[in-house]
Amino acid sequence: MKATFKMEPFPHVLLENFYTKIEMDVVMEEKVKLDPHLLPPEYSGTARHPQTGQPMKYNSGLFLTDAMPNSEMVSLARGHIYNELVDQIDCPWWVSQWRKNNCQSWMLSRYADGQYYNAHVDLSQFTMLVWFYREPKPFTGGDLIFPDYDNYTIPCDNNCGIIFYGPLRHEVPPVKGNGRYTLTMFTSCQNPSLVITK
């Protein structure tokens with residue numbers, strides 16, 4: 001995995017080649033098994049419009065933390081997000097914040113034709129997104145956009161992703177085609193007494 005820390009337009013980490021080729025085979029196989037169990041927004045957790053209470057997203061998802069606690073895509077991801085990640089980040093204050101996070105929840109999402117996620121914020125301190133799909137890319141659109149930062153856009157590239165602060169507004173415009181999958185990790189510090197400071 002390659003991790004690149006960026007300060008502009010806000011602190012974030014870009015991820016490339018997140019899984020190895022062998023790991024990607026495992027991830028895609030697990031995705032096939034989970035596909036029939038992904039749920040609509042009202043059952044899979046969603047940001048809601050502050051005035052109407054309506055879901056901000058139109059996609060399918062499943063919280064793996066509860067539904068599949070032994071998920072291989074999650075355990076493989078965990079193997080990359082600690083030492084392998086921070087060894088590549090030359091920003092001590094960011095690494096310190098990252099290390100303080102000791103509570104995670106993981107979600108698998110699927111975007112089909114016409115599906116989207118309107119601009120919203122997450123309740124996490126950090127959000128990590130990793131995208132994957134079968135090659136050749138079976139869709140267009142579906143990039144990640146930060147509307148408060150001049151529509152700063154991260155392309156939805158296979159086996160790539162981003163780590164950013166959850167309270168930053170972000171959105172996914174409508175997808176044209178099918179097969180856009182995202183592994184999301186929401187992370188925060190729930191119990192400061194358990195933080196590892198080394």
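Figured I'd write up the structure that's included with this text. Nothing here was measured: the structure is a model prediction, and the numbers come from that model. (Residues numbered from 1 in each chain as written. Predicted model: local features only at pLDDT ≥ 70, side-chain atom pairs only at ≥ 80, totals over all residues. Heavy atoms only, no water.)

**Here's the deal with the side chain of S124**
Then, in step 1: Counting through the fold element by element, S124 comes out in the loop between β6 (116–120) and β7 (126–132).
Then, in step 2: Here the side chain of S124 touches F126 through a polar contact of 3.0 Å, landing on its backbone oxygen.
Then, in step 3: Not counting residues within four places of it along the chain, the set of residues in contact with S124 comprises G166, P167, F186 and T187. (Helix = DSSP H or I, 4+ residues; strand = E, 2+ residues; numbered from the N terminus. Polar contact = N/O pair within 3.5 Å; in protein donor to acceptor, adjacent residues only side chain to side chain. Contact = heavy atoms within 4.5 Å.)

**A look at the layout of surface pockets**
Here the idea is plain: a probe the size of a water molecule rolls over the atoms and shows the empty space left.
Then, in step 1: Volume-wise, the largest pocket comes out at about 450 Å³.
Then, in step 2: When residues of the lining of the largest pocket are traced back to their parent elements, those giving at least two are β5 (103–111), β6, β7, β12 (170–172) and β14 (180–188).
Then, in step 3: Counting residues per element, the lining of the largest pocket draws most heavily on β14, which supplies 5 residues.
Then, in step 4: Class assignment of the residues belonging to the lining of the largest pocket gives a composition of 12 nonpolar, 13 polar and 3 charged. (1 Å grid on protein atoms, 1.4 Å probe; cavity = no way out; pocket = protein on both sides within 12 Å on 5 of 7 lines; lining within 4 Å. Points joined across faces, edges and corners; volume = space filled by probe spheres on them. Nonpolar A, V, L, I, M, F, W, Y, C, P; charged D, E, K, R; others polar.)

**Topic: the environment of I81**
Then, in step 1: Here I81 shows up in the loop between α4 (72–78) and α5 (83–86).
Then, in step 2: I81 gets classed as buried once you look at its relative accessible area, which sits at 1%.
Then, in step 3: On a C-alpha basis, the gap between I81 and A3 in space is 9.6 Å, while along the polypeptide they are 78 residues apart.
Then, in step 4: Look past the residues within four positions of I81 in its chain and what remains in contact with it is F18, W98, Q104, W106, M128 and M185. (Buried < 20%, exposed > 50% of the residue type's maximum accessible area, 1.4 Å probe, protein only.)

**Quick notes on unusual backbone geometry**
Then, in step 1: Cis geometry marks the peptide bond from E8 to P9, where omega comes out at 0°.
Then, in step 2: Cis geometry marks the peptide bond from E135 to P136; its omega dihedral reads -5°.
Then, in step 3: As for its placement among the helices and strands, P136 is situated in the loop between β7 and β8 (139–141).

**Notes on the sheet that holds strand β11 (residues 160–165)**
Then, in step 1: Strand order in this open sheet of 7 strands is β1-β2-β11-β7-β14-β5-β4, and the pairing throughout is antiparallel. Each edge of the open sheet carries a strand with a single partner, namely β1 (2–6) and β4 (60–63). On average, each strand axis in the sheet is inclined to that of its neighbour by 20°, with strand direction left out of account.
Then, in step 2: Helix-sheet contacts for helix α6 (residues 92–99) involve β1, β2 (12–16), β7, β11 and β14, and the interaxial angle to β11 is about 90°. (Pairing = 2+ DSSP bridges. Axes fitted to C-alpha atoms, helices over the stretch in contact; angles between N-to-C directions.)

**Focus on the side chain of S60**
Then, in step 1: Position of S60 among the secondary structure elements: in strand β4.
Then, in step 2: Leave out the neighbours within four places in its chain, and S60 touches L38, L39, L108, S109, R110 and Q115.

**Section: the nonpolar core**
Then, in step 1: Ranked by size, the top nonpolar core spans 55 residues in total, and within it L15, M73, L85 and W94 carry the most contacts.
Then, in step 2: When residues in this core are grouped by element, the largest group, 6 residues, is from β7.
Then, in step 3: For M73, the residues in contact, after removing those within four places along its chain, are Y19, V27, E30, K31, L34, L64, L108, F132 and L183. (Core = buried A, V, L, I, M, F, W, Y, C linked by side-chain atoms within 4.5 Å.)

**Quick look at the packing of aromatic side chains**
Then, in step 1: A full pass over the atoms with the stated rule returns 16 aromatic pairs.
Then, in step 2: Measuring from ring centre to ring centre gives 5.2 Å for W98 and F126, while their planes differ by 75°; the resulting arrangement is edge-to-face. Taken as a pair, W98 in helix α6 and F126 in strand β7 lie far apart in primary sequence, 28 residues in all. Residue W98 shares its accessibility class with F126, and that shared class is buried.
Then, in step 3: Ring plane angle 10° and centroid distance 6.1 Å describe the contact between F132 and Y181, whose orientation is recorded as stacked. Linking F132 in strand β7 with Y181 in strand β14, this pair joins segments that are 49 residues apart in sequence.
Then, in step 4: According to the relative accessible area criterion, Y181 is buried, its value standing at 5%.
Then, in step 5: Through pairs of rings, three or more aromatic residues link up here, namely F5, W93, W94, W98, F126 and Y165.
Then, in step 6: The cationic tip of R180 hangs over the ring face of Y111; the distance from NZ or CZ to the ring centre is 4.5 Å. (Phe/Tyr/Trp six-rings, centres within 6.5 Å; stacked < 30°, edge-to-face > 60°. Lys NZ or Arg CZ within 6 Å of the ring centre and 35° of its normal.)

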